Structures are given as C-alpha cells and as structure tokens.
Amino acid sequence: MTRRTQTLPEDYFLGIYASDPDPWRFTTSSYERDKYAATLAALPQAHYRAAFEPACSIGVFTRALSERCERLLATDLVPAAVEAARSRCADRTHVEVRPGTMPADWPEERFDLIVLSEFLYFLAPADFAELVRRAGATIEPGGDIVLVHWLGETDYPLSGDGAADSFIRLAASFAQVLNQSRTADYRIDVLRAGPAS
C-alpha cells in the first residue's frame, strides 16, 4: 500500500462526516469503548489542572476525560464534529470545544495533560515536527503527554507505530517515556515532561 505524502486535507474529513455523523463508531464500537477505558487507566495522575485534546471528533472521549480535569480544551477541524462535541459536553462548564486544525491552531495555553489520540498519523513530516514543537512549548514541567494509535494498515503518511515512535524521538529533548502498553489493535504511550530548562 502506498502511503500519502501530504497531511490529509480538511476536505477528506468533511467528506467522511458528511456521510455519517459518527464515522468511526465512537458511540457504539467495543474497540473504542475498550480503548477509552485503557487510555483513562493509563493516565498517571488522578486529576489534571488543564488538559488539551486535539482532534476530539464528536466528544465521546472528551466527556469521559473531563471527569479527570479541572479544565479541558478540545478541538476538531470538522464543524459538525465540534457542534456534536459541544452538545455532548454541554453540562460540563469546564470543557471548551473549539474549531481548529493541527498544528496551525495549536493553542497558546499551558497544559499538564495533552492527549494525542489517533490522528498524528494523518500528518506529513513538516506538520508532524511542528506539532511536536508546539506540544513541547505548551506542556507544563512534569506534565503528561498520552499518545494513542491504531496499529492497522492504512495509506496515511505514517503507521501507528511510526507516528508514536517518531513523536517519542522528536520529543526526547523535553519528555521521556513513562510507560507503554499495546494490544493487537492499538498502542498507548505515556510521556512525562521534564523540568523547565
């Protein structure tokens, strides 16, 4: 299978959501349910001050993650997904859902948790490197970065293993692997940011 060489365009995702409001079965899939539970279990801290979840889609995991955060910012590039996530989290006043593409709309705020779940492999190398740089600029010293990647075959610019391993390598100057786990379908990598230099 030939891999794409460019970051997947916005139209690709707009088209997917145009035909199905829940294209990856976030609300019904046992894979998603089990992965969400494993991701929450992998979080090293019981509670976080400020978390960031880019590419939040329709907010199913966002709502679950909000239980562990004083403040949670989530973004997605698809307007329909942003509206669905806002609706799903409407009773959570500490959750903000914004439109935004990655890495261009990475926020300026500081976070003690960043969750990068199943989208890093959509990015071409230059965008990927810029996202890692921005993560490093906004993660608090001692904060956690959680990577979640599906391991199946795709034509995305990177495989799941390629995306996770590349992030770990590029982030080595500011974060180190704390723990890792994998199933036949996905891997979870938790990195801990070092002290401010």
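Below you will find a few notes about this structure.

Quick notes on the rules
Residues numbered from 1 in each chain as written. Predicted model: local features only at pLDDT ≥ 70, side-chain atom pairs only at ≥ 80, totals over all residues. Heavy atoms only, no water. Pairing = 2+ DSSP bridges. Helix = DSSP H or I, 4+ residues; strand = E, 2+ residues; numbered from the N terminus. Axes fitted to C-alpha atoms, helices over the stretch in contact; angles between N-to-C directions. Contact = heavy atoms within 4.5 Å. Phe/Tyr/Trp six-rings, centres within 6.5 Å; stacked < 30°, edge-to-face > 60°.

So, the sheet that holds strand β3 (residues 95–99)
To summarise the sheet geometry, strands pair through backbone hydrogen bonds and adopt either a parallel or an antiparallel arrangement.
Step number 1: Strand order in the open sheet formed by seven strands is β3-β2-β1-β4-β5-β7-β6, with mixed pairing between adjacent strands. With one partner strand each, in any of the chains shown, β3 and β6 (175–182) form the two edges of the open sheet. Each strand axis lies, on average, 15° off the axis of its neighbour in the sheet, ignoring direction.
Step number 2: Note: β6 against strand β7 (residues 186–193), seven bridges, orientation antiparallel. Pairing of R182 across the sheet is with R187, part of β7.
Step number 3: Relative to strand β5 (residues 139–150), helix α5 (residues 125–138) is tilted by about 145°, and along the sheet it contacts β4 (111–117) and β5.

Comments concerning the packing of aromatic side chains
Two aromatic rings, taken as a pair, are described by how far apart their centres are and by the angle between their planes.
Step number 1: Per the stated rule, a full pass over the model turns up nine aromatic pairs.
Step number 2: An aromatic cluster is built from Y12, F13, Y121, F122 and Y156, whose rings are joined through pairwise contacts.

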